[in-house]
Amino acid sequence: MKKFPGSKGLVFNEDLLINQSSKGLSGVNMPSNNLSGVHIGKTAKDYIDAKFLRNEENSPLLLPEVSESTTVRHFTRLSSWNICVDTAFYPLGSCTMKYNPKINETIASLNNIKNLHPMLSAAYIQPVLKIIYEFNRLLCGLTGLNEFTFNPQAGAAGEFTGMKIIKKYFEVKNEKRNIVLIPDSSHGTNPASSYIAGFTPVEIKTLFADKPDGHSSREGAQNSGKDNEFVSIQSKSKGYIDITELKKYINEDVAAIMITNPNTFGLFEKNIREVAELMHKNGSLVYMDGANFNAFIGNCKVSDFGVDILHLNLHKTFSTPHGGGGPGSGPVGVKDFLKEFLPVPYISVCKQTPNNKQAADDDEQGDYYELKNEKEHSIGRISSFYGNFAIILRAYSYLLSLGKQNISKISEIAILNANYMKKRLKDTFIESDPFPEELCMHECVLNDNVFQSEGISTLDFAKSIIDYGFHPPTIYFPKNIHGAIMIEPTETESIKTMDSFIDAMKQIKKKGNKYSTKSPKNTKIRRLNEVLANKNPIFK
Ligand SMILES: *Cc1c(COP(=O)(O)O)cnc(C)c1O
């Protein structure tokens, strides 16, 4: 890397901070102690055995010695290298990277909230407990379920919690059921969480090849017979749970079915009510992965289609920036009969009692909120304290600032936008649509048929779209769609943005593989050799 910043306008080069180090430089100046006769006291060194102390000469501390301005510029420049929802369209299917209103950030960073100590007793955090309690009621209203826990700190943690609840339910009933049915249209975390919770996940096929070598003439031919994972892409593939297929797997060992809805093909699980009836008749439960609840919110209740237990991803549907792996919140909602198994702590509300009179007096309702840890059949604790409060607060603020009359617009516009893109891509990419007859929900999935016919791989496309100023969509997921490209515009994107993304896709196809195999070209770092970068990473 060149050592000079600004070699491309305002796109700065940036060297490692350690390479910018000069001996003796420091970001802070401490005044020297000029108080005569004042003894500072012992330092850590006085308490640690000499043999454990680092020898400054043999092993100097490898920390960069830099000035404050160098440090600030370094991190500010690096931050400008990141693409995010605040800088660009970020159509990452399955992840709901939408614009998150800044009002939620403002609320979550209010001093009297962000400085609260997690060990404070209930009497001091009545408003916090009240917010969680009321948000719980709001989610119950939106889903038709009876109670939520906010302990899980991510979607997958919610799934794990849900599976533990199902396990406990059958334990208490003294029934031995060890199988969880999982359609191949489910999110990848579903089989993983059911397995970690002690179940055996069993896959249910939803895609059916009309002929064994159902894929296109190119890679399909190579995969012929060997690779049934990549199945036919045209109208014969279903993408929904097939009742006849499902029936083959229902028996007394089945504890539950775990349905991602909308599924990972972006489709509404049409047969979910019938599936739920079959499961319930068998004494089994219905778990729904509702991470992408922005496809439903305000327009339908999951209780209406037979769901017993569900998780939501607050950091997707309910507005929280969640790049870089966190933080998150994956609340789990249940029907009445599963409430007793929810994790602790939980919040309960009571009318004021003499003991907490003071706190209750502050509340005009006279309600007093408690954090309780006792519950006979609870699965126990699954996170420290009470989940990620700041995320719950953002979600609460999001709903209140939208107002009741606007909540259903989230799902309406999310679905409208995804179908707009699907439809507008049809003229060029019809051969890539695995479900051409279907309406999609909040996202649409394409395979690589059309790009492949130009010698462009899905990865080439993803790299090329960066040059147009877009974050690439999710690629190669779901795995059973060949070279998958999964686009989620979300409800926050305008027609203008979607149109320019569609135009970019068409242009990439038109320019062909000479262009795309060498992309991106306009970024500071060009196409990386990803294998080499993985095999020979340079850490310093
Ligand atoms: C994102 C997602 C998950 C996992 O959520 P995390 O918060 O990343 O653990 C599970 N299921 C679906 C459908 C998802 O989209």
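Residues numbered from 1 in each chain as written. Predicted model: local features only at pLDDT ≥ 70, side-chain atom pairs only at ≥ 80, totals over all residues. Heavy atoms only, no water.

Draft legend 1. Quick peek at the sheet that holds strand E11 (residues 474-475). Reading across the sheet, the three strands line up as E10-E12-E11 and stay open at both edges, with antiparallel pairing between neighbours. Each of the sheet's edge strands pairs with one partner strand only, and the pair in question is strand E10 (444-446) and E11. Judged from the two bridges that link them, E11 and strand E12 (residues 485-487) form a sheet pairing that is antiparallel. Counted as the bridge partner of Ile475 is Ile485 from E12. Across the sheet, helix H13 (residues 404-429) lies against E10 and E12, angled at about 25° from E10, the strand it touches most. (Pairing = 2+ DSSP bridges. Helix = DSSP H or I, 4+ residues; strand = E, 2+ residues; numbered from the N terminus. Contact = heavy atoms within 4.5 Å. Axes fitted to C-alpha atoms, helices over the stretch in contact; angles between N-to-C directions.)

Draft legend 2. Examining the site of the ligand more closely. The local shell around the ligand holds 14 residues, among which Gly155, Ala156, Asp289, His315 and Lys316 are the closest. Here an oxygen atom of the ligand and a backbone polar atom of Ala156 are 2.8 Å apart. Between Asn292 and the ligand, the recorded distance is 3.3 Å, taken from a side-chain N or O atom to an oxygen atom. Within the complex, 85% of the 390 Å² of free accessible area of the ligand lies under protein. The set of elements that each furnish at least two residues to the shell around the ligand consists of helix H5 (155-172) and helix H10 (314-317). In terms of residues, the shell around the ligand owes the most to one element, H5, which gives three residues. For the shell around the ligand, the residue count by class is three nonpolar, eight polar and three charged. (Near = heavy atom within 4 Å. Polar contact = N/O pair within 3.5 Å; in protein donor to acceptor, adjacent residues only side chain to side chain. Areas by Shrake-Rupley, 256 points an atom, 1.4 Å probe, with all protein chains shown as cover. Nonpolar A, V, L, I, M, F, W, Y, C, P; charged D, E, K, R; others polar.)

Draft legend 3. A look at the sheet that holds strand E3 (residues 200-204). Taken in spatial order, the seven strands of this open sheet run E1-E7-E6-E5-E4-E2-E3, and their pairing is mixed. The two strands at the open ends of the sheet, each matched to only one other strand, are strand E1 (147-149) and E3. Strand after strand, the sheet turns through a mean of 25° between neighbouring axes, direction not considered. In terms of strand pairing, strand E5 (residues 285-290) meets strand E6 (residues 309-312) through four bridges, oriented parallel.

Draft legend 4. Just the environment of Lys422, in detail. In this structure, Lys422 sits in helix H13. The spatial distance from the C-alpha of Lys422 to the C-alpha of Pro436 is 9.0 Å, given a sequence separation of 14 residues. If sequence neighbours within four positions are ignored, Lys422 has contacts with Asp433, Phe435, Glu438, Cys440 and Cys444.

Draft legend 5. Fine view of a nonpolar patch on the surface. A contiguous nonpolar patch, built from Tyr47, Ile48, Phe52 and Leu53 and spanning about 450 Å² of accessible area, is present on the exposed surface. Counting through the fold element by element, Leu53 comes out in the segment before helix H1 (68-81). (Patch = residues over 30% accessible without salt bridge, like charges linked within 9 Å, V, L, I, M, F, W, Y side chains within 5 Å. Salt bridge = Lys/Arg side-chain N within 4 Å of Asp/Glu carboxyl O.)

Draft legend 6. Just unusual backbone geometry, in detail. The omega torsion across Val344 and Pro345 is -5°, close enough to zero to call that bond cis. Turning to its location among the elements, Pro345 is positioned in the loop between strand E7 (332-334) and strand E8 (346-351). Phe477 connects to Pro478 through a cis peptide bond whose omega is 0°. Position of Pro478 among the secondary structure elements: in the loop between E11 and E12. Phi at Phe385 is positive, roughly 50°, even though this residue is not glycine. Along the polypeptide, Phe385 turns up in the loop between strand E9 (367-372) and helix H12 (389-402). Under the relative-accessibility criterion, Phe385 is labelled partly exposed at 41%. (Buried < 20%, exposed > 50% of the residue type's maximum accessible area, 1.4 Å probe, protein only.)

Draft legend 7. Broad picture of H13. Between its terminal C-alpha atoms H13 stretches 38 Å, which fits the 38 Å expected from 26 residues at 1.5 Å a residue. Within the span of H13, buried status applies to Ile407, Ser408, Ile410, Ser411, Ala414, Asn417, Ala418, Asn419, Met421, Lys422, Leu425 and Phe429. Where the residues of H13 are buried, they touch helix H4 (126-143), H12, E10, helix H14 (449-452), E12 and helix H16 (495-511). (Expected span 1.5 Å × (residues − 1).)

Draft legend 8. Structural context of the pairing of strand E4 (residues 254-260). Within E4, seven of the seven residues are buried, leaving the element largely enclosed by the surrounding structure. With three bridges joining them, strand E2 (residues 179-183) and E4 adopt parallel strand pairing. Within E4, the position partnered with Val180 by the bridge is Ala256. For the handedness criterion, the β-α-β arrangement of E4, helix H9 (residues 272-281) and E5 is classed as right-handed. (Right-handed = clockwise from strand over helix to strand, strands pointing away.)

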